[in-house]
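# Analysis of the macromolecular model
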Amino acid sequence: MSVRVFIPCDAGAVAVGAGEVAEALQGIATRRGLAVEIVRTGSRGLYWLEPMVEVQTARGRVAYGPVEAGDIDGLIDAGMLDGQAHALCLGVADEIPWLKRQTRLTFARCGVVDPRSLEDYRAHDGYKGFARALALGAEATIEEVLQSGLRGRGGAGFPTGIKWRTVAQTAADQKYIVCNADEGDSGTFADRMIMEGDPFVLIEGMTIAGIATGATKGYIYIRSEYPHAITAMEAAIVVARRSGLLGKRIAGSAFDFDLEVRSGAGAYVCGEETSLLESLEGRRGIVRAKPPLPAHKGLFGKPTVINNVLSFATVPIILEKGAAFYRDFGMGRSRGTMPIQLAGNVKHGGLFEVAFGVTLGELVDEIGGGTASGGPVRAVQVGGPLGAYFPRALFDTPFDYEAFAARDGLIGHGGIVVFDDTVDMAKQARFAMEFCALESCGKCTPCRIGSTRGVEVIDRIIANEKRSDNLVVLEDLCNTMKFGSLCALGGFTPYPVMSALTHFPEDFGGARPSLQAAE
Ligand SMILES: Cc1cc2nc3c(=O)[nH]c(=O)nc-3n(C[C@H](O)[C@H](O)[C@H](O)COP(=O)(O)O)c2cc1C
Ligand code: SF4
């Protein structure tokens, strides 16, 4: 019988040589006459250990990493195919403390199953949520999502069930389900991991949304920088369609639902839902004024559910295990788990899914292990390019939508980017404005003009030109952008800027008593 060896085909693992490792193992096994079956999976999310290779043994899957192609001969000599000890051996994968400490609900199968295999998906509880949704019917399915407390994982944290109910209650001849897989936030990769490692869970989640709201057609809008994810999703859609799980009368039910992948051309603002819809319709990605909400008048003017990949991918387990099971995790109004992404200058970068409530300090120091450079952590940016910079003094903040908002921050899509003590926060503040100027869709003045003026003002502050006057101008400009912008790109750019000024005044040429007193 052949030994099953699992090697990720996730883009992050492939980037550090997983493909070469698989090829080397195949070649060496053939040469030595060893019966080996290589299964390409997604990543478990321990990126500093990629390529991580797992071998099926009687004890469970034994992991080795990071493995290079040149290590394979030595690993086989040491008995890797029987799960024997080696300097690269990490023990039984499920027992690795970094994995064991997690609560993997959305990511339960990622890195475990073969993403191309519907049978493997089903063998790991796939389509159980869908079956329950069929049995419950539309209204009760929406109630279940509502009761679970699931909030949109794309950034705004809006209750998913309410969005679905609005679409369900809006009469129309055609409704749509749109998945936002633009994933533009810095330091985030959870959507990509799901699409590459467990694409059927997204298909299942979107199908449940279709049944619940009466939508018969769905689109997955994936950024063009994710070619592996596009391929994985397209392949899974073909398999699902062939198996009767997409198309007419899915799984023998009365429901029709089909899916298509569309790729975006790489604008941050195309992740904003209305801009995404414009792009999906074939136009330039410009933000639409709301109302009307997409739930009333969305894609092609029809009622549309638009949700992030993680929001849809969490629905199957909610339906399978029940709303109460999911709601039991978390704190306050942040229910369930959050797939947190640790990135930047961090020792243990990767995907860590955990119930809401864990503190920022635990995430950065204990789970992330501090910086990769070995220097002290000075700042972290949470929630993408529009998120605030937090200093150590705020590391007691629990990962919770409201707790972050109370400290002028946001958790966004769950990305944490770590910086050591070499970071220049004035440059980071300038970068936030520059990014906004570059990515602005141009529809509204505070963002289009304000961001360019913001770069100029910060340049003057850095150059010590009338510093105190310019600090007042910058704060005024930030307030104009915050309260006058049409969408969160212009509206939230002040957060990284002001947090850098507030928490790291020394990088702007000294303390800012006037500004601090005003806050
Ligand atoms: C500038 C900007 C960029 C955004 N980028 C993304 C993105 O890449 N992915 C995403 O899911 N949501 C993004 N959003 C949030 C979406 O507008 C929207 O809230 C989300 O897709 C709704 O899905 P959810 O409720 O499941 O989070 C962005 C918002 C703004 C203002
Ligand atoms: S805030 Fe910026 S990105 Fe948003 S609508 Fe206005 S110009 Fe466009």
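See the structure shown above.
What comes next is a walk through the structure. Not measured: the values here are computed from a predicted model.

Procedures and definitions
- Residues numbered from 1 in each chain as written.
- Chains lettered and ligands numbered in written order.
- Predicted model: local features only at pLDDT ≥ 70, side-chain atom pairs only at ≥ 80, totals over all residues.
- Heavy atoms only, no water.
- Helix = DSSP H or I, 4+ residues; strand = E, 2+ residues; numbered from the N terminus.
- Rg over C-alpha atoms; globule rule 2.2 N^0.38 Å.
- Buried < 20%, exposed > 50% of the residue type's maximum accessible area, 1.4 Å probe, protein only.
- Lys, Arg positive; Asp, Glu negative; His and termini not counted.
- Charge placed at Lys NZ, Arg CZ, Asp CG, Glu CD.
- Axes fitted to C-alpha atoms, helices over the stretch in contact; angles between N-to-C directions.
- Parallel < 35°, antiparallel > 145°, perpendicular 65-115°, else oblique.
- Contact = heavy atoms within 4.5 Å.
- Nonpolar A, V, L, I, M, F, W, Y, C, P; charged D, E, K, R; others polar.
- Left-handed = near helix turned anticlockwise from the far one by under 90°.
- Near = heavy atom within 4 Å.
- 1 Å grid on protein atoms, 1.4 Å probe; cavity = no way out; pocket = protein on both sides within 12 Å on 5 of 7 lines; lining within 4 Å.
- Sits in = over half its atoms within 2 Å of the grid points.
- Phe/Tyr/Trp six-rings, centres within 6.5 Å; stacked < 30°, edge-to-face > 60°.
- Salt bridge = Lys/Arg side-chain N within 4 Å of Asp/Glu carboxyl O.

As a further point, take the overall build of the chain. When you go through the chain residue by residue, the secondary structure sums to 23 helices and 16 strands. Here the C-alpha radius of gyration of the chain, 24 Å, is about what a compact globule of 519 residues would show, namely 24 Å. The buried share of the chain, reckoned over its 519 residues, is 59%. Looking at the chain, you have 52 positive and 61 negative side-chain charges, and the mean spots of the two groups are 5 Å apart.

Our next topic: the packing of helix α8 (residues 160-169) against helix α10 (residues 199-213). Two numbers describe how α8 lies on α10: the axes approach to 8 Å, and their chain directions differ by 45°. Comparing the axis directions of α8 and α10 gives the class oblique. In this structure, α8 uses W164, V167 and A168 to contact α10, whose residues at the interface are G205, I208, A209, A212 and T213. Looking at side-chain class alone, the contact of α8 with α10 contains six nonpolar, two polar and no charged residues.

Contact pair helix α9 (residues 190-197) / helix α13 (residues 309-321): the axes reach a minimum separation of 9 Å and the direction vectors enclose 50°. One element, α9, and the other, α13, form an angle in the oblique class. Between α9 and α13 the crossing geometry is left-handed. Contacts between α9 and α13 pair A190, D191, I194 and M195 from the former with V309, L310 and A313 from the latter.

Let us now look at the site of ligand 2. Around ligand 2, a shell composed of 13 residues is seen, among which C441, K443, C444, C447 and C487 lie nearest. The cavity where ligand 2 resides is the largest cavity. Grouping the amino acids of the shell around ligand 2 by side-chain chemistry returns eight nonpolar, four polar and one charged.

In total, this model carries 16 aromatic pairs according to the counting rule given. Ring geometry for Y268 against F435: centres 5.1 Å apart, planes inclined by 65°, an arrangement best described as edge-to-face. In this pair, Y268 is assigned in the loop between β8 (258-264) and α12 (273-280) and F435 in helix α17 (residues 425-439), connecting sequence segments 167 residues apart. Take F435: its relative accessible area is 16%, and that puts it in the buried class. Among the aromatic residues, those joined into a cluster by ring pairs are Y121, Y127, F130 and F200.

Inspection of the entire model under this criterion finds 36 salt bridges. With a shortest N-O distance of 2.7 Å, E278 and R288 are connected by a salt bridge. Of this pair, E278 sits in helix α12 while R288 sits in the loop between α12 and β9 (304-308), placing them ten residues apart in sequence. Across this residue pair, the class does not change: E278 and R288 are buried. Within this structure, R44, E54, R61 and D94 form a network of salt bridges that share partners.

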